[in-house]
Every structure is written in C-alpha cells, then in structure tokens.
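# Commentary on secondary and tertiary structure
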Number of protein chains: 2
Amino acid sequence: MREIGIGLLGFGTVGAGVVQILNRHGDLLASRLGTRPVLRAIADLDTKRDRGVDIGSAVLTADAGAVIEDPANQIIIELVGGTTVARQFVMKALGLGKPVVTANKALLAEYGQEIFALAAEKNTDIYFEASVGGGIPIIRALREGLIANQCKGISGILNGTCNYILTRMTREKMPFDDALREAQAKGYAEADPALDIDGHDTAHKAAILASLAYGSMVPMSAIHVEGIRGLAQSDIQCAGDLGYRIKLLAVIKGDSGGIEVRVHPALVPEQHMLASVNGVYNAIMVESDMADDTLYYGRGAGREPTASAVVGDVADLVRNLVAGSSRRVPPLSGPQGPLKIRKMSDIRTRYYLRLSLLDKPGVLAKITTVLGEHRISIASVLQKEVSVDKYVPVIIVTHQAKEREMDAALAEIVSLAVVNDKPVRLRIEE
Amino acid sequence: MREIGIGLLGFGTVGAGVVQILNRHGDLLASRLGTRPVLRAIADLDTKRDRGVDIGSAVLTADAGAVIEDPANQIIIELVGGTTVARQFVMKALGLGKPVVTANKALLAEYGQEIFALAAEKNTDIYFEASVGGGIPIIRALREGLIANQCKGISGILNGTCNYILTRMTREKMPFDDALREAQAKGYAEADPALDIDGHDTAHKAAILASLAYGSMVPMSAIHVEGIRGLAQSDIQCAGDLGYRIKLLAVIKGDSGGIEVRVHPALVPEQHMLASVNGVYNAIMVESDMADDTLYYGRGAGREPTASAVVGDVADLVRNLVAGSSRRVPPLSGPQGPLKIRKMSDIRTRYYLRLSLLDKPGVLAKITTVLGEHRISIASVLQKEVSVDKYVPVIIVTHQAKEREMDAALAEIVSLAVVNDKPVRLRIEE
C-alpha cells in the first residue's frame, strides 16, 4: 500500500494525541483511505520528556526546519501554537509547496490573509478543522456541506472554559471567581485565563468562521469583544427568572451586503438548543438561507477530540495527494472583494439592563424617559423587592434598539444622581 | 468559466428546490467552485404542471433515458423516489460512468450493495447526503470529518413526522390520533402515514448510517423496527414524571467486533441534547472513540433543506470532475468483510414497563418475582393512585437486562390472572 509521510511540528498535548490516533487507528485509516499516512518525524524543542505515546520509527528532533524540508515529510502538521515561529514554519512549508494542517486559530485569525495567499500561489493546501470547535467538523460543514447556501448568521459557543464557568455559575449558583478557580483546578482554564475569559479565543474562532461563511478574511480589529470576567451571579439568576441562560457567544450576522461580528455574553432563551449546551462543550448554530438552522455540537477542546480533527484533515490531504487534487477546496472562496463590516455602534439588538436605583417614587420614570428619548422601547421591567442602603436592583428588558443609542442613554443614566453603581448591560440573542 | 452539465430526474418538491437553488445561487456556486454547474435537462412524467420555478434553457422531457444518455449531462440527480424505475435510472447512469446524486434512502438501504459495486466498477461516484437528515451534512461528517475515529454508537431522531407527533403529544398532551391528524393537515405526514409512523423510513436511514459508520452494508432484515403508532398519552406523561422524553430513535451500537441496529420509541433523559430536539427537526448524536460525542441538528426534510444537501453533493461531484478525482471518497470504506450483527434478543438495555395490575396485596410481588427469575433487576416502581375497574397502572423501570429475558418475562407476566391489558414495554437510552 502506498504511504504518505507526515512531519509533526509541536509535541505537546494535541501533538501526542495525533501520534496516539496514528498508532491506534493506522490500519483503520489505511483501509478507509487506501493509502497509509505514516508519521516520519516530530520536531519539538523538548526532545526528552515522555509524552506517554510510542513514536515508533519517527525521528524526534529539535530542528523543525529540517522536518519541514525533508522530502520524506509530504504533509506538515503545525501544532506549535502562537504566532511567531508557528507562522515561520507554516510559511516555510507552504513555500515549499507542502500541504499544511494547523489547529492554530490565532495564527489564522491574524495572518490568514498572507498564509492563504501563499498556499494559493504555491498551489497547495492549508487545512484547519481543529482551529474551531475542537472535534466538531464545523469547517467542513460550513465550507462544503452548506455550499449551496448564503449564510445568514452564526451563533457559537466556542470556548469550553467560559462555558464551563457559566454552567457552574448557573447550576451551582457559584460566584464567578469560585467557578474560575474550579476550572483552573480541573485544568480547563490556564493560570492566566485572560485569552479565554476576556473573549479573545472566541474572537479568533469567530474571525475564522465569519471569513469562511462570507468568503473574505474578517480582520480581528473589526470584531467587538467582551468576555465574561466578573459577570455577576445576580445577572445569571435574573436572566434565569426571565427564562434565559447567559452564554458567551460569537455572533455573526449578515449577507453579502454587510456583516457584523461580535463576541460578548448574551442572554439565550432557555428553550433554544444553545441554552442546553453545558460544561466544556461547544456548539455552533448556522442559519443558512436554504438549509435553515443547523447546529453542530461536541467537545471544543481536549487532546483526542482536537487530534481527531487534525487527523481528519490529514486524511483529506492524503486523498488530495493521491488524487492529484490539491486546491480542490480552497481555504476561502466566494464573491471577491472586501467585506463590508458593520460598526458595533450600528448593530441592533435587544438589551438586558440591571440598574441600582434609589428606592423613591419617580426614579424609574426618570430612567424610562432617558431611554425613550433615545428611541429605546421597554419590553419589561422587573423590580426585586430587596432594598440595599436605599438602592434597589431594577432589571429592564428592551425591544430592539441601536447600540449607539443605548451607549448614549447609558452615559446619561449613569450621570443621574438616583443611580448607584455602574449599570450592567447585556445583549439578548433570540 | 468552465460549465458542468446537470441532468435532473424527478421534478417534484425537492427537484423544484434544486432548480430554485441553482437559479438563485448559480453565481455564488460558480464563484465558490470556480466552475459553473448548469441545469441542462429535467425528466419527469408530468411535463405540464407549473412548479413555480424557472427552468431557463433546460429541456423538460418525459424521457429519463435520454437525459441519462445525453453526454451534455455530466452529473445525474435522481429524485424520482421508490425502488423500481429509480433503481434502473441510477444503475443506467452509473453504468455509463456518470456520477450520481440521490436522496433515495429506500433505494440505498435496499439496493446499496449493487449500486455501490457498479459505481466502483465504473470508477465513478454516488453521493447521497440528502438521504439522511435532510439539510444536515451528517454523511460528510461521519465519513470524512470523523474518519480518524472508530464509531462506538449513533442515536438519531431521523423522522420529522414522528418527532412532530411526539412533540405535540408531549407539549399539548394530545392523544396520538389527534397529533397524527394535525401532522397530516399541516402536510408533515402522508395520507398513508405507515412509512413514517411505523418506523420504516427511520430504519432505511439507520441502515445507511450504520453502513457508513462500520464500512459494510447493513441489510434491512437485520434491523429491529418498531414505530410510534398508538403510543399512549399516559406513557408520555409517566416518562415525563420520571424525567424522560419519548423519542423515536435509531440506535446503532458496537465496534468492529459486532453491532446492533434498531429503531423504536425510547425514553431519553430530559437533560440529554436529543430530548431538546422538537417539532420536525432531526438530530444525530455520534459517539466516536476519539472525538467523543458530537451532535448534528437541523431540518430533516422539506424542499429547500433537502435540495441544499443535493446541491452540496453536486458541488462535490463538480470538484471531482474538474480535479479528475473521482472515487476520492468511496461510498463505503473500512475494514473488509461482512459485519457481525447482533440479534435483537441479545441486546441489553434498560426498560420502562407499564402494567395494569389488580389492586390487591401481593400482586406486585408476583410481578417482581417473575422479573427476578429472569435476572431482571428493578430500579424503581411508580404506582399511580388511580384505580380503574379494580386495576391500577404500575410503572416499573429496570436496570440493564437482556431483551430475550424481558421477552420471556413479559410472556409469563401477561399470562398471570392479575394482569389486565397488554403490558407496555419501552426501552430507555441514556
């Protein structure tokens, strides 16, 4: 049987998972592909540490450049991470015309343009199923399965760490800090959790999904990003009372005329499929004009699920090498020309506001007057009968309003003498 | 730009949807594929009826054979349905070496073996994404996205008609007959609903999914099939009281050593993702050894979602024709040799039993004795305090037991003088 040599860059958690799958399912893959992918070399700065997997006859070296250059390695897997050496490695491999598999969302979100351009110039492939949604084959679904559709929108729970924290806050009524500490103790969150909880990881993935759905790279600078850091337990509870769950969402909306891409915590109706996605799981709801709503759910991270996606891409590249069908599915395709991306201030959504108001007659009227002056109409008001130091929490749910108007209204509201604390503003996605 | 000619057989609901998509998204598809798929001919016995779509310069004829034979039609779409002429058309097209797209689950479930063999012999492709799950790209996910996995099991809600009826029975407490009549009135169920409600349509889809997951055709005769006809409202309610929802499931379980494939109503825990799938929606949960659980959700039927899947396959075939990569992904692949399929009597599951028992001391002990003699252990008993003509309904939930033992136990139980009516036996899937 024909063999295709694989060079692996980065022998960390996911790298070890890839080796494990190639060992365990080598025969299965060979029988499914009619060709055997064979791991020939691994590059990692640490050549000593035991990863608990058998690398067989593969060479383990610190010299990534040599692995990329060796003609025996026909497909290069980049699992180094980061955007410095990983970028050099990917560009070097593509420059040699070698197809590349990567799981590196930050690299693609920030340097996708130059990477995709080089792959096109060299007539070779770059595959990246593992960069979004871990083991969920969402890239394939979006780019191939739904090719007959104009995308209308995508709502995704794309970060398992945040979803774990929010699930614990919802189910166990934990405060944010406790839930974060628990996630760290379980290995779901890093010691420095900023990339996850401040929404940047979700934003990288949102950039990739939006680019695939609409055919042109969406720059990171065009994405509004808010995380879940410091989200109050009381907002989780009030949202629950109103029939919603709070999730960190990537929201992508629009058509070929213009799109919006944003990442922020959002209230999702509890009967919506996304509200049922708990713990470290991810899910992506895609709204298309012909297929309507489809949803993809699974483990968004972890050694084996992510490695499953990496090896799935390797299988595609093996098929392309055997069939001589490189560039059969280019990374991005569709109508040419830059995308029109809406400013955050122009988006329209419903809002959840929590205000701490002086417990006195006429106070609520002041607030609703300000909102009305900004053309923001109120759907419901919930006042809890808990007065703390003369202030009561008041929840206001609005109908659709423009972000710019809400910004202006909140700036006025916060300056009123009857308002204590900074108002909480969350968006509602139906 | 290069054009690829399409011949469409069958101008019904889905056929009209395909024409609609090719009209509406012709430019989008061309820009995504770099090649333009062009509808050249349509064959249908009815060449007069207005389908409300513009067929442009395509020929509309009653002569399917001529459409298949015309060299201008490079890809043939079969949407005739049934297993008689559709089978002849598909075999004729493949025999000419032409790639075929079909949505015909019955044809594939019953004649897949000969169809796939002819496609292999002629070195051409047969694609069938629309045959299972309508607009959900599940075939692609299972065969390509999860290629690095050994499948451990699949649980699917694959029939929108049944899921609509069960949803109405659950939410509105409707009796089965009313829910069926409503589904018929809304066009979700046929005048003769047997194919749907007796589970045969689900079984066809289960055969396809099992064959893909395990690499060899699963014969229809190996599938245990029960539908939802006559399901009692009281069982929906009792299941709800126990924390379950009743769904018509396709259950596929096993590994390369042996599998089971069955279709029956089942109790699903209400916090399980499948329990949240309501109305005409479908969902497929796939358990894989590396990616773990992934779920795919969407519209399982309907003109546009199904046509979206058909045109998605057309795009794949266009790519294969352009790249010369026919047979890049064969219909089935994996370890060779026939699958070992477990007898229904050998499967193990948990059971829900509803018995109508004489309201007298010692009666329940008689039942539990019979169950115990068949090594069936009881997890819980729920006796509702409603005595009707001296009989009370009793719900028994068991631990895992063998189907053969349950069959034998129920045969004994039904013969006891204290038992009224036929016992209801449902299976529980966790």
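This structure is a prediction, so every number in the text was calculated from the model and none was measured. (Residues numbered from 1 in each chain as written. Chains lettered and ligands numbered in written order. Predicted model: local features only at pLDDT ≥ 70, side-chain atom pairs only at ≥ 80, totals over all residues. Heavy atoms only, no water.)

### Focus: the pattern of salt bridges
Where charged atoms from two side chains of opposite charge approach closely, those side chains can pair. According to the stated counting rule, one finds 58 salt bridges over all chains in the structure shown. We note a salt bridge from lysine 205 of chain B to aspartate 201 of chain B, for which the minimum N-O separation is 2.7 Å. Residue lysine 205 of chain B and its partner aspartate 201 of chain B are located together in helix 10 (residues 200-214), separated by four residues, close to a single helical turn. Of the two residues examined, lysine 205 of chain B and aspartate 201 of chain B, each falls in the buried class. Bridged by salt links that share partners, the residues Glu226, Glu403, Asp407, Arg425 and Arg427 of chain A form one connected network. (Salt bridge = Lys/Arg side-chain N within 4 Å of Asp/Glu carboxyl O. Helix = DSSP H or I, 4+ residues; strand = E, 2+ residues; numbered from the N terminus. Buried < 20%, exposed > 50% of the residue type's maximum accessible area, 1.4 Å probe, protein only.)

### What to know about the relation of the copies chain A and chain B
When chain A is fitted onto chain B, the two copies agree to an RMSD of 0.0 Å after a turn of 180° and an axial shift of 0.0 Å. Taken together, these values place the two copies in the relation of a two-fold axis. Residue tyrosine 296 of chain A, judged by its C-alpha, is the member of chain A lying nearest the rotation axis, at 2.4 Å. Looking at the interface residues of chain A, 100% of them are also at the interface in chain B, so both copies use one shared face. (Least-squares fit on C-alpha atoms with pLDDT ≥ 70 in both. Contact = heavy atoms within 4.5 Å.)

### Some remarks on the confidence of the model for chain A
Across chain A, the average pLDDT comes to 96, with 100% of residues at or above 70. With a pTM of 0.97, the predicted complex shows an ipTM of 0.97. (pLDDT = per-residue confidence, 0-100.)

### A word on the interface of chain A and chain B
When the parts of a complex come together, some accessible area is lost, and that lost area is often taken as the interface size. At the junction of the two partners, chain A supplies 56 residues and chain B supplies 56 residues. Roughly 4900 Å² of surface becomes buried between chain A and chain B when both sides are summed, with 56% attributable to carbon and sulfur atoms. Summed over the three residues of chain A that lose the most area to chain B, namely Arg32, Met290 and Arg328 of chain A, the buried surface amounts to 17% of that side. Here chain A is connected to chain B by eight salt bridges. Between arginine 328 of chain A and aspartate 316 of chain B there is a salt bridge, and its shortest N-O distance comes to 2.7 Å. Across the chain A-chain B interface, the total number found is 23 residue pairs in polar contact (both at pLDDT 80 or more). When contributions to the side of chain A that touches chain B are tallied by element, the ones reaching two or more residues are helix 1 (13-24), helix 2 (26-33), helix 6 (138-145), strand 11 (281-288), strand 12 (292-299) and helix 12 (303-323) of chain A. (Buried area = accessible area lost by both parts, 1.4 Å probe. Polar contact = N/O pair within 3.5 Å; in protein donor to acceptor, adjacent residues only side chain to side chain.)

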